Amino acid sequence: VRRVFCRWVEGFRTSGNATTAGRAEDVADLARRLLRALRGIKVHPLEKMPDSSVLVAQRLAPSDAVHFCGRAAAIVVEFGTPGAHCALMARQIGIPVVGNIPDVVARIPPGASVLVDGLEGTVLVDPDGEAQARFQELKKRYAAEGAAAMAKAHEPAITTDGVAVQVAANIASRADADLAAENGADGVGLYRTEALFMYRNALPTENELVEELSHTLEPLAEKPCITRLLDIGGDKSLPYLKLPPEDSPFLGRRGIRLLLAYPELLNVQVRALLRLSEQRAVQLMVPMVTIPEDMNRTRDIIESAARDLGITRIPPLVAMIETPAAALSVRDILRSADVISIGTNDLTQYVMAAGRDNPLANEYFREDSPAVMRLIRIVCQDAGPSLVGMCGELAGRLQTIPALLGAGIRMLSVAPRLIPLVKETVRQAEAMPKPI
Ligand code: PEP
Ligand code: MG
């Protein structure tokens, strides 16, 4: 088993394609788990980790998350990117993660006392009494700020100069929606629907989709929920859809490009979402729009499906701006869209030519670089009176929020856990246009 897996891992690593090479870790993870199971070992090494420890590792696999959740006080990894699965999961549940520290496993002995500041990205080994006291003070301050923000989580976020900003949630599951409702979300700004399609052997039916979508969105009652059409291609595929291999999948057929090439896949979602829009406030978001025709064609398909279903009121259509071309074509895109939402995770990777999962390009993956910020301002200006929101990770960076509001962003969609703090940050900011 080990020999076969080694061959596979090597095959992935040397594939010459960064995305496929990134999956080598997943295959190695699978090998480790299978070998452990074959040896009759039922306990995962992380299960022995004492509660509230700092987990120091070379790298972590997505499956490790099950074991560190609720146990680790913080995570320090030698290799890893902020966009890696493990980092996203840890962030989602509020565990600080600091990554990309060379030789960190060798440099921190087991049992050492460590202070990890996830906001500053610092790790202090064997801190003296003064550093510990400073850190405790900081922790207390964060906790007090968190509690104060939570107390006002269900109130609207209005800037000091009186502009209302929607603070919505990025969700992918019912658990996320529950937390979003608890934390005072003004709605859903991005429902990633990939899980409804990826972990099954056949395309879900229209009825199944209506049922699953309405179950997930139930906790948000009548609040507006922006539901994204399936965003696959790139590094994601479907087991029941034989996609042709591509040399540069992130520059290939992904998002709406792929959906337009597979009408059956698009239609089932469009019909399900139109039916759902008769029951609740749902909006349809189109991923990876690049040229205005992407949006025009999608609107035509939605209108024709609505006619078939006898639905006269088309829900608002949201164009996701994730490519530089789309950012510079917002006026034309808005002929077929009602709302704009900037996806800064992909926009950054395409503007900076730096893969979001590629640790070697980390230095270039700067979500708040002047180039990205300038594009954001152009999008807001060109959108005129139309609502411009943001649903990438940048929307949750507290220190950047004043600049985003100044640029004209009026909806921030963030991880549910961040909602109270983001609302509080908005309340302390001005929305007056100012140069960014
Ligand atoms: C984005 O690209 O910013 C985004 C929100 O979408 P995803 O992270 O799902 O690609
Ligand atoms: Mg994206």
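In case you missed it, the structure is sitting above this.
Residues numbered from 1 in each chain as written. Chains lettered and ligands numbered in written order. Predicted model: local features only at pLDDT ≥ 70, side-chain atom pairs only at ≥ 80, totals over all residues. Heavy atoms only, no water.

**Q** Sorry if this is basic, but what is going on with the pattern of salt bridges here?
**A** On inspection of all chains with the given rule, the structure shows 24 salt bridges. Arg-200 is the salt-bridge partner of Glu-212, the closest N and O atoms lying 3.3 Å from each other. A residue pair is termed long-range when its members are at least 10 positions apart, and Glu-212 in helix H10 (residues 206-217) and Arg-200 in the loop between helix H9 (194-198) and H10 qualify at 12 residues. On the basis of relative accessible area, Arg-200 is assigned to the partly exposed category, the value being 21%. Here Asp-382 and Arg-331 are joined by a salt bridge, their closest N and O atoms 3.1 Å apart. Within this pair, whereas Asp-382 is found in helix H17 (residues 370-382), its partner Arg-331 is found in helix H15 (residues 330-333), the two being separated by 51 residues in sequence. Taken together, the shared-partner salt bridges in this structure form one network comprising Glu-194, Arg-228, Asp-231, Arg-254, Asp-346 and Arg-356. (Salt bridge = Lys/Arg side-chain N within 4 Å of Asp/Glu carboxyl O. Helix = DSSP H or I, 4+ residues; strand = E, 2+ residues; numbered from the N terminus. Buried < 20%, exposed > 50% of the residue type's maximum accessible area, 1.4 Å probe, protein only.)

**Q** How should the coordination of the magnesium ion (ligand 2) be read in this particular structure?
**A** For a metal with four tetrahedral donors the ideal donor-metal-donor angle is 109.5 degrees, whereas six octahedral donors ideally subtend 90 or 180 degrees. On the protein side, the magnesium ion (ligand 2) has Glu-322 (OE) and Asp-346 (OD) as donor atoms, found 2.0 Å from it. Of this pair, Glu-322 sits in the loop between strand E11 (317-321) and helix H14 (324-327) while Asp-346 sits in helix H16 (residues 344-352), and the two are 24 residues apart along the sequence. For the pair formed by Glu-322 and Asp-346, the shared burial category is buried. (Donors = N, O, S within 2.8 Å, 3.2 Å for Na, K, Ca; no water.)

**Q** How should the sheet that holds strand E1 (residues 54-57) be read in this particular structure?
**A** The pairing of strands in a sheet happens through backbone hydrogen bonds and is either parallel or antiparallel. A sheet is described by the order of its strands in space; here 3 strands give the open sequence E1-E2-E3, paired in parallel fashion. The open sheet has two free edges, formed respectively by E1 and strand E3 (97-98), since each of these has just one partner strand. Bridging between strand E2 (residues 74-77) and E3 involves 2 bridges; their strand directions are parallel. Counterpart to Ile-75 in the pairing with E3 is Val-97. (Pairing = 2+ DSSP bridges.)

**Q** Even after reading the chapter, I still don't get the site of ligand 1, so can you show me in this structure?
**A** Around ligand 1, a shell composed of Leu-190, Arg-192, Arg-228, Met-320, Glu-322, Gly-343, Thr-344, Asn-345, Asp-346, Arg-356, Cys-391 and Gly-392 is seen. For ligand 1, an oxygen atom lies 3.4 Å from a polar atom in the backbone of Gly-343. Here Thr-344 contributes a backbone N or O atom positioned 3.1 Å from an oxygen atom of ligand 1. (Near = heavy atom within 4 Å. Polar contact = N/O pair within 3.5 Å; in protein donor to acceptor, adjacent residues only side chain to side chain.)

**Q** Before we go on, may I ask you to explain the nonpolar core in this structure?
**A** Soluble globular proteins tend to pack their nonpolar side chains together in the buried interior. Ile-340, Ile-342, Ile-376 and Leu-412 are the most contacted members of the largest nonpolar core, which has 81 residues in total. Here the element with the most residues in this core is helix H12 (residues 263-279); it accounts for 8 residues. With residues up to four places along the chain from it excluded, the contact list for Ile-340 reads Val-318, Ala-319, Ile-321, Val-330, Ile-333, Leu-334, Val-379, Leu-387, Val-388 and Gly-389. Judged by nonpolar contacts, the second largest core, of 13 residues, contains Leu-46, Met-49, Ala-57 and Cys-86. (Core = buried A, V, L, I, M, F, W, Y, C linked by side-chain atoms within 4.5 Å. Contact = heavy atoms within 4.5 Å.)

In short, the description is geometric, and any link to function would need to be established separately.
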